[in-house]
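Here is what each chain is made of, one letter per residue.
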Amino acid sequence: MKLYAYFLMAYLSLKESLTYWKDYISFIIFSVFGLVLQLCAWYALYHSVDFSPVMGRSYETMITYYLVMQIVGNFTSANRIAGTLEQRMSSGEIATDMLRPAAPRGILIARSWGEKFYYFIPSILIFLGSVLIVGGIQLPASPGVFVAFCVSLCLGYLINLTFELVMATFAFWFVEVNTLRWFVSFFTALSGTAVPLWLFPSWLQTICRALPFQAAAYIPMQIYLGGTSSAEILSAFGTQIFWIIGLFLIQEWLWQRGKRRIVVLGG
């Protein structure tokens, strides 16, 4: 019964998102425009050096990184959960959610999946179109590497999900959490989704590896591109699992204490 409720919430969230078709078109336009700019920039850079490797990475590797990262970034993202909880706190709907048989956090996650599906479809289409235009991309070295990539991708999503739930719990203490998210977004820029970490100076790479964000997106991409041994892949899985467990415990601690502070602010 609960599983059906979650699927229903995801469907309703998707249906609600589809009503904003102008936002949908804007998302596609800006996604294509941003991707074209990135590809043109890297083409110009590699063309200036006669397509010699840059920082030890070939032109094909760099293009593969950016195209596949579009899928990785969209799949592992868990945005809007904090904003949704903030809205439901302000409207007083959170009180109703607490009385439902389905877990409130499960409802938030289900709604985020509806919105994720809404944005994921055009991302897939843009990715396929881009691959056809550039003439193909680098594929994983073996089926085993591809399986490891998929596993790491799922772990990356769980990292972002638990982190987003941590951000969401601050809605119990603060009326506005998006301001906090804007502050945190500076650090999420260090996840490798925009710029590969191998282009960063060594001191900044050290900082990035001390944060959970690179474990969500950069680690799956490193596995996909190859050059990692079986031991390194297992170590990468261990790093991701460490962040999942740590962030889960933090959000659980905050959630249990936050529930005691529920005050209907409106409605």
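Residues numbered from 1 in each chain as written. Predicted model: local features only at pLDDT ≥ 70, side-chain atom pairs only at ≥ 80, totals over all residues. Heavy atoms only, no water.

Colleague: Quick question: what am I supposed to make of helix 4 (residues 81–91) here?
Modeller: An α-helix turns once per 3.6 residues; consequently, residues spaced three or four apart project the same way. Burial analysis of helix 4 places eight of its 11 residues in the buried class, which makes it a mostly covered element. Here helix 4 has its buried residues at Ile81, Ala82, Gly83, Thr84, Leu85, Glu86, Arg88 and Met89. Gly92, located one to two residues past helix 4, shows a positive phi value of around 90 degrees. (Buried < 20%, exposed > 50% of the residue type's maximum accessible area, 1.4 Å probe, protein only. Helix = DSSP H or I, 4+ residues; strand = E, 2+ residues; numbered from the N terminus.)

Colleague: Would you mind showing me how to read the environment of Ile81 here?
Modeller: Its location among the elements puts Ile81 in helix 4. According to the relative accessible area criterion, Ile81 is buried, its value standing at 0%. Taking the C-alpha atoms as reference points, Ile81 and Arg111, separated by 30 residues in sequence, lie 8.1 Å from one another. Ignoring any residue separated from it by four or fewer positions in sequence, one finds Ile81 in contact with Leu108, Ile109, Ser112, Leu161, Glu164, Leu165 and Ala168. (Contact = heavy atoms within 4.5 Å.)

Colleague: Could you clarify how one ought to interpret the packing of helix 7 (residues 143–169) against helix 10 (residues 213–225) in this entry?
Modeller: Running from N to C, helix 7 and helix 10 point in directions that differ by 170 degrees, and their axes come no closer than 8 Å. Between helix 7 and helix 10, the interaxial angle falls into the category roughly antiparallel. Packed against helix 7, whose contacting residues are Val145, Ala148, Phe149, Ser152, Leu153, Gly156, Ile159, Asn160 and Phe163, the element helix 10 presents Phe213, Ala215, Ala216, Ile219, Pro220, Ile223 and Tyr224 at the interface. Per-class residue counts for the contact of helix 7 with helix 10 are 13 nonpolar, three polar and no charged. (Axes fitted to C-alpha atoms, helices over the stretch in contact; angles between N-to-C directions. Parallel < 35°, antiparallel > 145°, perpendicular 65-115°, else oblique. Nonpolar A, V, L, I, M, F, W, Y, C, P; charged D, E, K, R; others polar.)

Colleague: Got a minute to help me understand the packing of aromatic side chains in this structure?
Modeller: Here a ring pair, both rings aromatic, is described through the centre-centre distance and the interplanar angle of the planes. Evaluated as defined, the whole model comprises 15 aromatic pairs. Here Trp42 and Tyr66 contribute two aromatic rings whose centre-to-centre distance is 5.9 Å and whose plane-to-plane angle is 40 degrees, an arrangement assigned as tilted. Taken together, the positions of Trp42 in helix 2 (residues 21–48) and Tyr66 in helix 3 (residues 59–76) put the pair 24 residues apart, joining distant regions of the chain. On the basis of relative accessibility, which here comes to 12%, the residue Trp42 falls in the buried class. Ring centres 6.1 Å apart and planes at 70 degrees place the aromatic pair Tyr43 and Tyr59 in the edge-to-face group. In this pair, Tyr43 sits in helix 2 while Tyr59 sits in helix 3, placing the two residues 16 residues apart along the sequence. For Tyr43, a relative accessible area of 42% translates into the label partly exposed. Cluster of aromatic residues (ring-pair linked, three or more members): Trp42, Tyr43, Tyr46, Phe51, Tyr59, Tyr65, Tyr66 and Trp198. If you follow Arg57 out to its NZ or CZ, it ends over the ring of Trp198, 4.0 Å from the centre. (Phe/Tyr/Trp six-rings, centres within 6.5 Å; stacked < 30°, edge-to-face > 60°. Lys NZ or Arg CZ within 6 Å of the ring centre and 35° of its normal.)

Colleague: What is the right way to read unusual backbone geometry from this model?
Modeller: Glycine aside, a negative phi is what most residues show, and trans is what most peptide bonds show. One non-glycine residue, Asp50, adopts positive backbone phi at about 55 degrees. In this structure, Asp50 sits in the loop between helix 2 and helix 3. Given a relative accessible area of 66%, Asp50 falls into the exposed group. Even without a glycine there, the phi angle at Met55 is positive, about 55 degrees. Mapped onto the elements of the fold, Met55 is located in the loop between helix 2 and helix 3.

Colleague: I keep staring at the environment of Phe27 and nothing clicks. Help me out?
Modeller: Among the structural elements, Phe27 can be located in helix 2. Classification of Phe27 by relative accessible area gives partly exposed; the value is 22%. Each C-alpha atom, one on Phe27 and one on Ile137, is 24 Å from the other, the two residues being 110 residues apart in sequence. When residues no more than four places from it in sequence are discounted, the contact partners of Phe27 are Asn74, Tyr119, Pro122 and Ser123.

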